[in-house]
Amino acid sequence: QVQLVESGGGFVQAGGSLRLSCAASGRTFSRNTMGWFRQAPGKEREFVAGIRSSGGRIYYADSVKGRFTISRDNAKNTVYLQMNSLKPEDTAVYYCAADGRSLYGDYVPTTTTSYNYWGQGTQVTVSS
């Protein structure tokens with residue numbers, strides 16, 4: 001239904017920046033709630049940021065507030081994650097998720113089971 005391809009990961013020093021992109025194809029992108037998750041070795045996949053189709057409802061994990069910015073360009077079927085002031089604890093595989101469904105009104109869903117499609121992930125490594 002939806003295919004996702006992440007790009008933009010890499011190896012950076014603490015304090016640096018990266019911009020992740022997620023290109024979507026298939027089902028109408030503009031109607032998809034999109035999210036970014038990350039998973040560090042030995043840890044569960046955790047929510048990072050999410051954005052609803054209109055772009056007007058955005059939610060961030062506390063750990064990235066003020067540093068990361070999620071945005072979307074529906075004309076390009078792409079969602080972005082601008083990551084600034086990166087910290088070593090940000091090191092993880094970052095996954096793009098699509099078709100988020102909330103059972104609680106128009107809030108951004110934050111659980112992995114709330115999203116129906118996933119990209120393969122892109123590695124982000126932040127050195128101290």
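Coordinates for the structure precede this section.
Along each chain, residue indices are assigned from 1 in the same order as the chain's sequence is written. In keeping with the model being predicted, local features are shown solely for residues with a pLDDT of at least 70 and side-chain atom pairs are shown and tallied solely at 80 or more, while totals for entire chains, interfaces and linings include all residues. Where side-chain values are given, they derive from all heavy atoms of the structure, hydrogens and water being excluded.

## Observations concerning the sheet that holds strand β7 (residues 68-73)
Strands pair in a sheet through their backbones, by hydrogen bonds, and they do so in one of two ways: parallel or antiparallel. Using the following cut-off: A pair of strands is treated as paired once DSSP finds two or more bridges between them. We count a stretch as a helix when DSSP gives it H or I for four or more residues in a row; a strand needs E for two or more, and each element gets its number in order from the N terminus. Only the stretch in contact is used when a helix axis is fitted, and all axes are lines through C-alpha atoms; the angle between N-to-C directions ranges over 0 to 180 degrees.
Across the sheet, 4 strands lie side by side as β1-β3-β8-β7; this open sheet has antiparallel pairing. On the outer flanks of this sheet lie β1 (2-7) and β7, each paired with one strand and no other. With direction set aside, neighbouring strand axes in the sheet form an average angle of 15°. Examined bridge by bridge, β7 and strand β8 (residues 78-83) share 6 bridges and lie antiparallel to one another. Looking at the pairing, Phe 68 lines up with Met 83 of β8.

## A closer look at the packing of aromatic side chains
As a reminder of what qualifies: Under the pairing criterion, centres of Phe, Tyr and Trp rings, with the six-membered ring standing for Trp, must be within 6.5 Å; the plane angle then separates stacked pairs below 30 degrees from edge-to-face pairs above 60, leaving the rest tilted. To sort residues, take the accessible area from a 1.4 Å probe on protein chains only and compare it with the maximum for the residue type: under 20% means buried, over 50% means exposed, and anything in between is partly exposed. Charge-over-ring contacts are defined here by two conditions on Lys NZ or Arg CZ: a distance within 6 Å of the ring centre and an angle within 35 degrees of the ring normal.
The tally for this structure, following the rule as stated, stands at 5 aromatic pairs. Aromatic pair Phe 37 and Tyr 115: ring centres 5.3 Å apart, planes at 80°, arrangement edge-to-face. Of this pair, Phe 37 sits in strand β4 (residues 34-39) while Tyr 115 sits in strand β10 (residues 115-118), placing them 78 residues apart in sequence. Given a relative accessible area of 1%, Phe 37 falls into the buried group. Each residue in the set Phe 37, Phe 47, Tyr 59, Tyr 115 and Trp 118 is aromatic and connected to the rest through ring pairs, giving one cluster. It is Arg 45 that lies over the ring of Tyr 95; its NZ or CZ is 3.6 Å from the centre.

## What to know about the nonpolar core
Rules: Nine residue types can take part in a nonpolar core, namely buried Ala, Val, Leu, Ile, Met, Phe, Trp, Tyr and Cys, and a core is a set of them joined through side-chain atoms within 4.5 Å.
Counting 35 residues, the largest nonpolar core has Leu 4, Met 34, Trp 36, Val 79, Leu 81, Met 83 and Tyr 94 as the members making the most contacts within it. In terms of residue count, strand β9 (residues 92-100) provides more of this core than any other element does, 5 residues in total.

## Observations concerning the environment of Ser 63
Spelled out, the test is: Identification of polar contacts relies on pairs of N or O atoms within 3.5 Å, with a donor-acceptor requirement for protein atoms, meaning one able to donate a hydrogen and the other able to accept it, and with residues adjacent in sequence counted only if both atoms are side-chain atoms.
Position of Ser 63 relative to the elements: it lies in the loop between β6 (58-60) and β7. What makes Ser 63 partly exposed here is its relative accessible area of 38%. Taking the C-alpha atoms as reference points, Ser 63 and Ala 14, 49 residues apart in sequence, are found 15 Å from one another. Side chain to side chain, Ser 63 and Arg 38 meet in a polar contact 3.3 Å long.

## Some thoughts on the state of the cysteines
Our working definition: Two cysteine sulfur atoms form a disulfide, by the criterion used here, when they sit within 2.5 Å.
This model, assessed by the stated rule, comprises 1 disulfide. Note on cysteine connectivity: Cys 22 is disulfide-linked to Cys 96, with sulfurs 2.0 Å apart. Note on the Cys 22 and Cys 96 pair: the S-S dihedral is about -80°, so by sign convention the disulfide is left-handed. Of this pair, Cys 22 sits in strand β3 (residues 18-26) while Cys 96 sits in strand β9, placing them 74 residues apart in sequence. Across this residue pair, the class does not change: Cys 22 and Cys 96 are buried.

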